[in-house]
Amino acid sequence: MRLLSSAAAIAAALILPVATHAADAPVQLTLDASKPGTVIDRNIFGQFAEHLGSGIYGGIWVGRDSTIPNTRGIRKDVVVALKALKVPNVRWPGGCFADQYNWRRGVGPERKPAVGEPNTFGTDEFMDFAHQIGADAFVSVNLGSGTAMEAAEWFEYMTSPTEGLGAERAKNGHPEPYKVAVLGLGNESWDCGGSMSADFYVNEMKRFSHFVHNFNPTANQPMKRVAVGPNGDDPSYTEAVMKAWSARSFSWNIEGLSLHFYATGGWPPHLSDTGFGEKDYAVLLKDSIRLDGMIKTHSAIMDKYDPEKKVALVVDEWGSWLAPTPGSNPGALAQQNSQRDAMVAALGLNIFARHADRVRMANIAQMVNVLQAMILTDKDKMLLTPTYHVFHMYVPFQDATFVPLTFDAGTYTTNGVTLPRVDAIAAKDKAGKIWIAVTNIDPKSPATFHVSLAGVKAKTASGQTLSAPKVDSVNTFAAPNTVAPKAVSAKVADGKMTITVAPASVTVLGLE
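Residues numbered from 1 in each chain as written. Predicted model: local features only at pLDDT ≥ 70, side-chain atom pairs only at ≥ 80, totals over all residues. Heavy atoms only, no water.

Caption draft 1: View of the overall build of the protein chain. Counting its regular elements, the protein chain contains 11 helices and 24 strands. Relative to the globule expectation of 24 Å for 512 residues, the C-alpha radius of gyration of the protein chain, 22 Å, shows essentially globular dimensions. Overall, the protein chain is about 65 × 55 × 45 Å in size when its C-alpha atoms are taken along their principal axes. Within the protein chain, the proportion of its 512 residues that are buried is 57%. In the protein chain, of all internal contacts separated by at least 6 residues, the share reaching a separation of at least 24 is 77%. Within the structure as shown, the protein chain displays about 19,100 Å² of accessible surface, and the carbon and sulfur contribution to it stands at 54%. (Helix = DSSP H or I, 4+ residues; strand = E, 2+ residues; numbered from the N terminus. Rg over C-alpha atoms; globule rule 2.2 N^0.38 Å. Buried < 20%, exposed > 50% of the residue type's maximum accessible area, 1.4 Å probe, protein only. Contact = heavy atoms within 4.5 Å. Areas by Shrake-Rupley, 256 points an atom, 1.4 Å probe, with all protein chains shown as cover.)

Written out as structure tokens, the structure is:
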């Protein structure tokens, strides 16, 4: 869960080359649907649920006897909200928590609590939750303080037929073996996962990859294994893991390399989650787009050992990490979620889409009540955050084919911080429909987009836009719809689409 500061060279990286022009000048975009790019893997819209703060207990799990409406102890309101996002996968149980987790204490009728962890939400409850929201399971095993045997037995419990440890699972009420789509081979092993050198980690990772088996593979969904990757810009893990992979024997393999990235505005996290001004808005967004340069840095190393891009770069923790909400437990990593966070989400998803050839999975941190959450809960109350709304608006981009856009992003400058003025991506879904997402980063001026639609026959464009009264506007339990998407349409004529969007806004349009 912890990211050390990155090198200054990457700090200046921007999403696109920019040039200065008037703040009110229309943005000219050119879309050519005849030149489609890579499929934007739906798994980049993955989620992360760690046993941290109230992310699990109170956020997802309330218990079967709770007066809060639930299905087998899992909140119904949260399930309904997450199903609407078409969540592709959920990473669990951590995070740093994964490398101290003993799965044995969280199964069966008699749970064995640990310090600060009741273990009432364990393997069977997580699998039930993933099934309820329609998501694949991404299980991170304890490589830090556990053993390969413990991890192997855990996967035998989850995935084997009703024999061996599968019989124990069946006795616990789950005769059908579970499907595990992704195996995480540790978490941040360079720090909270064991402070391992890159070479030491590689040796451990090889053992776990070899001995942890999936007994329930499917032809259309073989389990993917994700190795721990770099600490920020440090290339040592990327080099060591990819070098070992390129010389691997038949006994082990990986399909992904993990990258963690948090926008903080400078380590340690200190920016306020509410009540901030334009400078802190710009500082956090400038920090967030360093992700583009970081992906390029590690992709170049991966290309050296894997030019065919067989191993995905998996950004399985990303988002904004701010100072804890005043009055909250600092260790719970609770923070509010503003329109600024919505901008961080849109810019991050755009970066992943542009790197879809290598980035094929990502997990925003986190799903409920922790860091840049989709959902906030308080006892029986629940609200959707601005980040949730961005993910919902971007659902059409799941498994759509990237369509190149060319445009001059311009610049927006405040308090000595310079950013692109705008950002945009486009894609074609499986039905052939074109979708365009435009982001106006400038918080003071509207932006008008003129989009040339080469190769697209369209008469109308409609969708949703997300803006707010202020960049620090948030949804609260008293006012849950302060930041909410609104229907929007655009003019389409003579092969061009024109739309004007609000300052600091995210807009997604479908062409018909």
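Caption draft 2: Representation of the sheet that holds strand 11 (residues 359-365). Pairing within the closed barrel is parallel, and its 8 strands lie in the order 2-5-6-7-8-9-10-11. On average, each strand axis in the sheet is inclined to that of its neighbour by 25°, with strand direction left out of account. The sheet contact formed by strand 5 (residues 89-92) and strand 6 (residues 136-141) spans 4 bridges and is parallel. Across the sheet, the residue bridging to Arg-91 is Phe-138, located in strand 6. (Pairing = 2+ DSSP bridges. Axes fitted to C-alpha atoms, helices over the stretch in contact; angles between N-to-C directions.)

Caption draft 3: Just the pattern of salt bridges, in detail. Per the stated rule, a full pass over the model turns up 23 salt bridges. Between Glu-239 and Lys-304 there is a salt bridge, with its nearest N and O atoms 2.9 Å apart. In this pair, Glu-239 sits in helix 7 (residues 236-246) while Lys-304 sits in helix 9 (residues 290-305), placing the two residues 65 residues apart along the sequence. When its relative accessible area of 25% is taken as the criterion, Glu-239 is described as partly exposed. In this structure, the salt-bridge partner of Lys-379 is Asp-378, at a minimum N-O distance of 3.9 Å. The partly exposed category is assigned to Asp-378, whose relative accessible area is 30%. Members of the salt-bridge network, linked through shared partners, are Asp-303, Asp-306, Lys-309, Asp-357 and Arg-358. (Salt bridge = Lys/Arg side-chain N within 4 Å of Asp/Glu carboxyl O.)

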